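# Architecture and fold: a report
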Amino acid sequence: MRALFLLLRLVVVAWAVVSALWLYSLTQRYKSSRACPYSWRWMLDNLPRRVVQPLRSTVDSFHIDRGKIVLELGPGPGYFSVEVARRVGPEGRLVCVDIQPEMIGALRRRLLREGVSNALPTVGDALALPLADCSVDCAFLVTVLGELPDRPKALAELRRVLKPGGILSIAETLPDPDYQFPDVVRDLCRASGFRLLEHHRCLLGFTMNFAADGGAPAP
Ligand SMILES: C[S@@+](CC[C@H](N)C(=O)[O-])C[C@H]1O[C@@H](n2cnc3c(N)ncnc32)[C@H](O)[C@@H]1O
C-alpha cells in the first residue's frame, strides 16, 4: 500500500514538473522569437513523441517516393529527416530548411552519424525560401506552421517552389504549444491555392496532404 502511495506521488510530481517545463518553454518562446528554442530540442525526439507521433507511420502519410526532390521545412534536429532521406534514396534529394543555424548544425551532425549523403541542410527562412520556382516534388512541415509569423506568406513560398501537382504535407501534434487545428490548416491552405487531398488522424494529431494545383489563391 505504501509503495502504491509513493508511486502515485511520484507520478503527480513528474506530471507537475513536465507541466512546469512546458509552461516555461511557452514563456521563453514568446520572449524572443516564435521559433522553438535550440535548448528545447530534446522535446522533439524522445520516447513519448515516438508513441504519440510514430516516425514511420507519420512519414508513410507523406507519400514520399524514391527519386523525389523533397523539401522539409523546419526540420529542427531531424526527427524525420533520416527516414525521409532514406526513402527518396540516392536518386532523390532532401532539402532541409531551418531558420536556426544551431538546429541545422545538429541536423548536419545527425545526418553524418547516420551516413546520409543525399540531404542538404540549409539555413533559411520559410518566408523567403532559398529555392527556385517549381523545384521540388513534395514539401512537408511538422509542428512548424504555428511558429511562422506570416503563414499565408510561407504557404505562398511553398506553392512557388512546388512543381505543379506537387504535394504539400502538414502535420501537427499535441502537446506542441503552437498546435494548429485541422480546420485552421485546411482554410489557410485553401486560401493559398492548395487543394485538400487527404486527412490522416493519429493519436494526438493529424497529417493533411494538399495538391499545389488548387487554382489562383483566394484574394
Ligand atoms: C517545433 S520545431 C519542429 C521540428 C521538426 N519539424 C520536428 O517535428 O521534430 C519547429 C522548427 O521550425 C523552425 N522554424 C521556425 N520558424 C521558421 C522559419 N521562419 N523558417 C524556417 N524554419 C523555421 C524552428 O527553428 C524549429 O526547428
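Going by the structure above, here's the rest.
Here we summarise the structure given alongside this text. (Residues numbered from 1 in each chain as written. Predicted model: local features only at pLDDT ≥ 70, side-chain atom pairs only at ≥ 80, totals over all residues. Heavy atoms only, no water.)

Note that the residue after Leu174, namely Pro175, is joined by a cis bond; omega there is 10°. Structurally, Pro175 can be placed in the loop between strand 5 (162-173) and helix 7 (182-191). Positioned with a positive phi, His63 is a non-glycine residue whose angle comes to about 55°. Tracing the backbone shows His63 in the loop between helix 3 (55-60) and strand 1 (69-73). The phi dihedral of Thr143 is positive, around 50°, even though this residue is not glycine. (Helix = DSSP H or I, 4+ residues; strand = E, 2+ residues; numbered from the N terminus.)

Helix length check: helix 5 (residues 101-113), at 13 residues, gives a terminal C-alpha distance of 18 Å against a target of 18 Å (1.5 Å per residue), a fit within 8%. For helix 5, every residue scored as buried is listed here: Met103, Ile104, Gly105, Ala106, Leu107, Arg110 and Leu111. Buried positions along helix 5 lie against helix 2 (47-52), helix 4 (81-88), strand 2 (93-98) and strand 3 (119-123). Where helix 5 ends, the next residue or the one after it, Gly115, has phi of about 70°, a positive value. (Expected span 1.5 Å × (residues − 1). Buried < 20%, exposed > 50% of the residue type's maximum accessible area, 1.4 Å probe, protein only. Contact = heavy atoms within 4.5 Å.)

Among the structural elements, Thr143 can be located in the loop between strand 4 (136-142) and helix 6 (151-161). Judged by its relative accessible area of 11%, Thr143 falls in the buried class. Apart from the residues lying within four places of it in its own chain, the contact partners of Thr143 are Arg49, Ala171, Glu172, Thr173 and Asp176.

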